[in-house]
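Listed below, chain by chain, are the residues.
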Amino acid sequence: MRILAPSSGFAPLVPSQTVSPSTPRRGIQIESLARPSLETIGPLEPQDGGFGYDLWEGSHRGIVLGLIRQLPNDLRSHWGAGMARRLLLTNAEGPQAGPEATDSALLRARIRRLIALGHIADAGALIELVAGPLQETVIAREKAEVLLYLGRYDEACNTARGRVERAMAIATSEAAAESDPEFWQKTLIFCNIRAGEI
């Protein structure tokens, strides 16, 4: 079950949690919960037109990640475009892990491919399912871009300023330096012009 908190902006979601199987026994039972993963979330369930929760079963995350990143932006087939959209929005267990991909890499790739395909509202719907604090860190770049496309400039600028401020606070080494510096620089210039600061 996915739990969404009511909100006028991006709403947080608690991803589905699965209970590990155990031998039936009498009395009170204590069972462990699987660790929630950013890769499992998606607004489409099978009853909504999505694929099954076992969509990626038997697949390697590195291969899936590479294929998603290679999806063409100009899918001319209406059927193919619809299948790609369903694939990117399906709530499904993540594929087999590998050292070449972080826990958020697949989620970011799905959001970025939705943006590239022109499904901006769908990308926003996927972002809405991510807990608020992670929106401002793990997928801050994607969130800001979607907000800009949607014309929600004040929110985009707040995200950009917050991201840059956090980056400056931790940038004590090259490893901690800000990612996507060109995007954030351009966004901040736009925000400063809107605010009359340039």
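Residues numbered from 1 in each chain as written. Predicted model: local features only at pLDDT ≥ 70, side-chain atom pairs only at ≥ 80, totals over all residues. Heavy atoms only, no water.

Q: Is there a simple way to think about the state of the cysteines in this case?
A: Disulfides are covalent bonds that link the sulfur atoms of two cysteine residues. Applying the stated criterion across every chain, the model contains 1 disulfide. At a sulfur-sulfur separation of 2.0 Å, the disulfide partner of Cys 157 is Cys 191. A torsion of -95° about the S-S bond marks the disulfide between Cys 157 and Cys 191 as left-handed. Placement of the pair is Cys 157 in helix α7 (residues 153-170) and Cys 191 in helix α8 (residues 181-194), with a sequence separation of 34 residues. On the basis of relative accessible area, Cys 157 is assigned to the buried category, the value being 4%. The class for Cys 191 is buried, based on a relative accessible area of 2%. (Disulfide = S-S within 2.5 Å. Helix = DSSP H or I, 4+ residues; strand = E, 2+ residues; numbered from the N terminus. Buried < 20%, exposed > 50% of the residue type's maximum accessible area, 1.4 Å probe, protein only.)

Q: Whenever I open this one, the pattern of salt bridges confuses me. Can you help?
A: Charged atoms that come close allow side chains of opposite charge to pair. Evaluation of the coordinates by the stated rule reveals 9 salt bridges. Put simply, Arg 152 and Glu 155 hold a salt bridge, and the shortest N to O gap is 2.8 Å. Each of Arg 108, Arg 112, Arg 141, Glu 142 and Glu 145 takes part in one network of salt bridges that share partners. (Salt bridge = Lys/Arg side-chain N within 4 Å of Asp/Glu carboxyl O.)

Q: Sorry if this is basic, but what is going on with the nonpolar core here?
A: Core analysis: the largest hydrophobic core is formed by 28 residues, its most contacted members being Ile 68, Leu 107 and Ile 111. Sorting the residues of this core by element identifies α1 (61-69), α2 (78-89), α3 (105-116) and α4 (120-128) as the ones contributing at least two each. Per element, the largest residue contribution to this core is 7 residues, and it comes from α3. Residues Ala 140, Ala 144, Trp 184 and Leu 188 belong to the second largest nonpolar core, which totals 7 residues. (Core = buried A, V, L, I, M, F, W, Y, C linked by side-chain atoms within 4.5 Å.)

Q: Before we go on, may I ask you to explain a nonpolar patch on the surface in this structure?
A: Among the surface-exposed residues, Ile 189, Ile 193 and Ile 198 lie close enough to one another that they form a single nonpolar patch of about 310 Å² accessible area. For Ile 198, the location among the structural elements is in the segment after α8. The class of Ile 198 is exposed, set by a relative accessible area of 66%. (Patch = residues over 30% accessible without salt bridge, like charges linked within 9 Å, V, L, I, M, F, W, Y side chains within 5 Å. Areas by Shrake-Rupley, 256 points an atom, 1.4 Å probe, with all protein chains shown as cover.)

Q: I'm lost on the packing of aromatic side chains in this one. Help?
A: Aromatic rings considered in pairs are described by the distance between their centres and by the relative angle of their planes. On inspection of all chains with the given rule, the structure shows 2 aromatic pairs. Between Tyr 153 and Phe 190, the aromatic rings sit 5.3 Å apart at their centres with planes inclined by 70°, giving edge-to-face as the arrangement. With Tyr 153 in helix α7 and Phe 190 in helix α8, this pair connects stretches of sequence that are 37 residues apart. Given a relative accessible area of 31%, Phe 190 falls into the partly exposed group. Here Phe 183 and Trp 184 contribute two aromatic rings whose centre-to-centre distance is 5.0 Å and whose plane-to-plane angle is 75°, an arrangement assigned as edge-to-face. Above the plane of the ring of Phe 51 lies Arg 86, whose end atom (NZ or CZ) is 4.3 Å from the centre. The ring of Phe 183 carries the charged tip of Arg 141 above its face, separated from the ring centre by 4.0 Å. (Phe/Tyr/Trp six-rings, centres within 6.5 Å; stacked < 30°, edge-to-face > 60°. Lys NZ or Arg CZ within 6 Å of the ring centre and 35° of its normal.)

Coordinates in, geometry out; function isn't part of it.
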